[in-house]
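# Commentary on secondary and tertiary structure
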Amino acid sequence: MTSGLARSWWMFKRNPEIHRHPSFMTIDHVNPQKARKGLSRIFHAGGYSIAGLKAGWGETAFRQEALLAIFLIPAAFWLGQTWVEVSLLSGSVIFVMVVELLNTGIETAIDRIGTEWHALSKRAKDMGSAAVLLSLFLCLGIWSAAIWKYIHG
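Residues numbered from 1 in each chain as written. Predicted model: local features only at pLDDT ≥ 70, side-chain atom pairs only at ≥ 80, totals over all residues. Heavy atoms only, no water.

Along the backbone of the chain there are six helices and zero strands. For the chain, with 153 residues in total, the buried portion stands at 20%. Of all intrachain contacts in the chain linking residues separated by at least 6 positions in sequence, the fraction that spans at least 24 positions is 55%. Per element, the accessible surface of the chain, about 11600 Å² overall, is 70% carbon and sulfur. (Helix = DSSP H or I, 4+ residues; strand = E, 2+ residues; numbered from the N terminus. Buried < 20%, exposed > 50% of the residue type's maximum accessible area, 1.4 Å probe, protein only. Contact = heavy atoms within 4.5 Å. Areas by Shrake-Rupley, 256 points an atom, 1.4 Å probe, with all protein chains shown as cover.)

Turning our eyes to something else, we now look at the side chain of Ser-90. Along the chain, the position of Ser-90 falls in helix α5 (residues 83–113). With relative accessibility at 13%, the residue Ser-90 sits in the buried group. Look past the residues within four positions of Ser-90 in its chain and what remains in contact with it is Ile-73 and Ala-76.

Residues Trp-57, Leu-67, Ile-70 and Phe-71 make up a contiguous nonpolar surface patch of about 450 Å² in total accessible area. Per-element tally for the nonpolar patch: the top contributor is helix α4 (residues 60–79), with three residues. Examined against the element boundaries, Phe-71 turns out to sit in helix α4. For Phe-71, a relative accessible area of 61% translates into the label exposed. (Patch = residues over 30% accessible without salt bridge, like charges linked within 9 Å, V, L, I, M, F, W, Y side chains within 5 Å. Salt bridge = Lys/Arg side-chain N within 4 Å of Asp/Glu carboxyl O.)

At their nearest, the axes of α4 and α5 sit 8 Å apart, and the two run at 175 degrees to each other. As summarised for this structure, α4 and α5 are arranged roughly antiparallel, according to the angle between their axes. Contacts from Ala-61, Phe-62, Glu-65, Ala-66, Ala-69, Leu-72, Ile-73, Ala-76, Phe-77 and Leu-79 in α4 reach Glu-85, Val-86, Leu-89, Ser-90, Val-93, Ile-94, Val-96, Met-97, Glu-100 and Leu-101 in α5. Classifying every residue of the contact of α4 with α5 gives 16 nonpolar, one polar and three charged. (Axes fitted to C-alpha atoms, helices over the stretch in contact; angles between N-to-C directions. Parallel < 35°, antiparallel > 145°, perpendicular 65-115°, else oblique. Nonpolar A, V, L, I, M, F, W, Y, C, P; charged D, E, K, R; others polar.)

A few words now on the packing of aromatic side chains. In the structure shown here, the tally under the stated rule is one aromatic pair. With a centroid separation of 5.1 Å and an interplanar angle of 50 degrees, the aromatic rings of Trp-78 and Tyr-150 are classed as tilted. Highlighted residues: Trp-78 in helix α4 and Tyr-150 in helix α6 (residues 119–152), separated in sequence by 72 residues. (Phe/Tyr/Trp six-rings, centres within 6.5 Å; stacked < 30°, edge-to-face > 60°.)

Let us now look at the nonpolar core. Side chains of nonpolar character tend, in soluble globular proteins, to be buried together. Counting residues in each nonpolar core, the largest one holds 12 residues, listed as Phe-62, Ala-66, Ala-69, Ala-76, Leu-79, Leu-89, Val-93, Val-96, Met-97, Cys-139, Trp-143 and Ala-146. Contributing elements (two or more residues each) for this core: α4, α5 and α6. Setting aside residues no more than four positions away along its own chain, Ala-66 makes contact with Trp-57 and Met-97. (Core = buried A, V, L, I, M, F, W, Y, C linked by side-chain atoms within 4.5 Å.)

Now for the pattern of salt bridges. Counted according to the given criterion, the structure contains three salt bridges. Lys-125 is the salt-bridge partner of Asp-111, the closest N and O atoms lying 2.6 Å from each other. Of this pair, Asp-111 sits in helix α5 while Lys-125 is found in helix α6, placing the two residues 14 residues apart along the sequence. Overall, Asp-111 belongs to the partly exposed group, its relative accessible area being 39%. Judged by its relative accessible area of 25%, Lys-125 falls in the partly exposed class.

Following the sequence through the fold, Arg-36 ends up in the loop between α2 (27–30) and α3 (38–57). Among the residues examined, Arg-36 registers a relative accessible area of 25% and is labelled partly exposed. Ignoring any residue separated from it by four or fewer positions in sequence, one finds Arg-36 in contact with Arg-41, His-44 and Tyr-48. In this structure the side chain of Arg-36 is engaged in a polar contact, spanning 3.4 Å, whose partner is the side chain of His-44. (Polar contact = N/O pair within 3.5 Å; in protein donor to acceptor, adjacent residues only side chain to side chain.)

Okay, structure coming up:
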């Protein structure tokens, strides 16, 4: 019994012209999103983004960060004295949420591959978690500096 990879290799070895055949692995066959153009593509991409936010809402950490953002982003407009300060304060909060979504995506992809323990799976998940931690440190540093400046002039 040969594996799928061995069969694919043998198929290409016997018939190297197969990859040039018009029906073999067309873009439409692999991803129908690529066939969409214009506003239809933008509309569908927006739908996928909303679905990603809904999936993120299912994660406790993302929910906590989103609820904190409800308070921190308006506070950024009160605390920041220039548009740069407001951008840094609010951007750092949104950056934490973005990194959390990416971390969740990594964890979900790893779990799809298999739930058994593997050193590379652990490494990928640990790196995603470290990225979230660094983004939290960045956010904390920016907010601490802004509060320090507000209190001490």
